[in-house]
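As a plain string of letters, each chain reads:
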Amino acid sequence: MKLFSLLAFCCLSGTVIAQQSYNGVDAHLGNLFLLSNAQSRSISPENFNGGKGAAGKATTGTGSGPGRELGQGWKISPSVVIKAHTTYTVAEIDGSGSIQHIWMTPTGNWRWEIFRIYWDDETTPSVEVPVGDFFGMGWGKYSPLQSLPVCVNPGSAFNCYWPMPFRKKCRITMENIADKDMVLYYSVDYLVTEVPANAAYFHAQFRRVNPLPYKNVVTLLDSVQGKGQYVGTYLAWGVHNNGWWGEGEIKFYMDGDKDWPTICGTGTEDYFCGSYDFDTHTKNAAGVDVDGYTVFCSPYSGLAQVIKGDGHYSPEQRFGLYRWHITDPIRFDKSLRVTIQALGWRDGGRYLPLQDDISSTVFWYQSEPHGVFPVLPTKDLLEVN
């Protein structure tokens, strides 16, 4: 096997690189001095095919006006316009390799821009998610997010570092289901290289339920067959009740589990690696405790976004939470189903089954073929309002 990426290989083979060093060098940097036969390539509007020696040659594009006096080589094609109700092919790569980084900054409504990835010759996507939710921005509003596999930087720069190996082909598309055109700046950085036999394929799936039926659990993932590992959860959670909303437990049903899961969490904020309502009881100028949510981002988990109600036309509170299972992937051999409860409190110290607005995006690796994805909600049911 040729070295295509220590990060990608170690994540997929089960080695925990974040906790190790290589000959005394921090593992995140420890492979930079190693020689490799992999070839670096990048696809962008300045090089639509990622060809060697083919970048920056455009003579027409969205920069033609500003660059009209400078000509070829002077930022002539930095972006593309995706017309309303059309699908644009962001990248199409033949052969084996690995996506290492995706950067993009889309204009428009992020819920109405559907991001898809197809591996090899499959006809149904392995990734199908509104672009905002894929990058942890499910409410359509920018908020900084800093983690290992996903970063959202000012002013709305989406970055993904999930390693995504493929053996025959990779195709990435963006569908604009809105009634208005959108502008997309992007780059897809990848390696042309051999891929190890035990490398699984990256998957991501979106679901939304609004409102959640009373006493129902939220299904995050089901119908997964084959061998793989679950690596991440992002929730855009809109609260319809007053009071605390995060008492529910996440459950992982693995390899034939029926009524009872193998892994069961202890509460929503616990699963997202927080505690006690994400409330640090900060003090105001008078030294009095001020109850409130504490926004935080860490390499593996975070409450990255808290949108407070304004008491007028946006009365509800909304939250964006992520948990990446990088050092603790949930491994399965045959099947996986994942659910989470939505629980608050009612009078008398009793749990209240909530009927909230919950959108989920889950991330996992598995051997192909993958199971049937649920049909995406219609445009009106995707909309954040």
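In this numbering scheme, every chain counts its residues from 1 along its sequence in written order. pLDDT decides what is reported in this predicted model: residues at 70 or higher carry local features, side-chain atom pairs at 80 or more are listed and counted, and totals for whole chains, interfaces and linings draw on all residues regardless. By convention in this description, side-chain values take in all heavy atoms of the structure and omit both hydrogens and water.

K.L.:
Give a detailed account of the overall build of the protein chain, specifying residues and quantitative values.
P.N.:
When you go through the protein chain residue by residue, the secondary structure sums to four helices and 29 strands. Throughout, the radius of gyration refers to the C-alpha atoms, and the reference size of a globule is 2.2 Å times the residue count to the power 0.38. In terms of overall dimensions, the protein chain is globule-like: its C-alpha atoms have a radius of gyration of 22 Å, near the 21 Å expected for 385 residues. For the C-alpha atoms alone, the extent of the protein chain along its principal axes is close to 70 × 50 × 45 Å. Counting all 385 residues of the protein chain, 48% fall into the buried class. Put simply, 73% of the contacts in the protein chain that link residues at least 6 apart link residues at least 24 apart. In these tables, accessible area is a Shrake-Rupley quantity obtained with a 1.4 Å probe, and a residue counts as shielded only by the protein chains included in the view. With an accessible surface of roughly 18100 Å², the protein chain has 52% of that area assigned to carbon and sulfur atoms. Treating the 31 positive side-chain charges of the protein chain as one cloud and the 38 negative ones as another, the clouds have centres 4 Å apart. The way it works is that DSSP assigns letters per residue, a run of H or I at least four long becomes a helix, a run of E at least two long becomes a strand, and they are numbered from the N terminus. When accessible area is computed with a 1.4 Å probe and restricted to protein chains, residues below 20% of their type maximum are described as buried, those above 50% as exposed, and intermediate ones as partly exposed. Contacts are assigned to residue pairs that have any heavy atoms within 4.5 Å of one another. In this charge count, Lys and Arg are treated as positive and Asp and Glu as negative; neither His nor the chain ends contribute. Taken as the charge location is NZ of Lys, CZ of Arg, CG of Asp or CD of Glu.

K.L.:
I'd like to hear about the sheet that holds strand E16 (residues 218–225), residue by residue, with values.
P.N.:
Here the rule is simple: two strands pair whenever DSSP picks up at least two bridges between them. One open sheet accounts for four strands, arranged E16-E26-E18-E19; its pairing is antiparallel. The outermost strands of the open sheet, each flanked by one partner alone, are E16 and strand E19 (263–264). By the bridge criterion, five bridges tie E16 to strand E26 (residues 335–340) in an arrangement that is antiparallel. Its bridge partner being in E26, Val224 is matched across the sheet by Leu336.

K.L.:
So what about the pairing of strand E29 (residues 357–366)? Which residues, and what values?
P.N.:
Among the 10 residues in E29, 10 count as buried, and that is most of the element. Along E29, one buried face is formed by Asp357, Ser359, Thr361, Phe363 and Tyr365 and the opposite face, lined by Ile358, Ser360, Val362, Trp364 and Gln366, is buried too. Taken together, the nine bridges between strand E15 (residues 201–209) and E29 define a ladder with antiparallel strand orientation. Looking at E29, one finds that Ala204 is bridged to Phe363. Note: strand E17 (residues 228–238) against E29, 10 bridges, orientation antiparallel. By the bridge assignment, Leu235 is partnered in E29 with Ser360.

K.L.:
How would you summarise the environment of Trp324 if you had to cite specific residues and measurements?
P.N.:
With respect to the element layout, Trp324 can be found in strand E24 (residues 318–324). Look at Trp324 and you get buried, because its relative accessible area is 3%. Not counting residues up to four positions away in its chain, the partners in contact with Trp324 are Ser147, Pro149, Val150, Trp162, Val231, Gly232, Thr233, Pro299, Tyr300 and Phe363.

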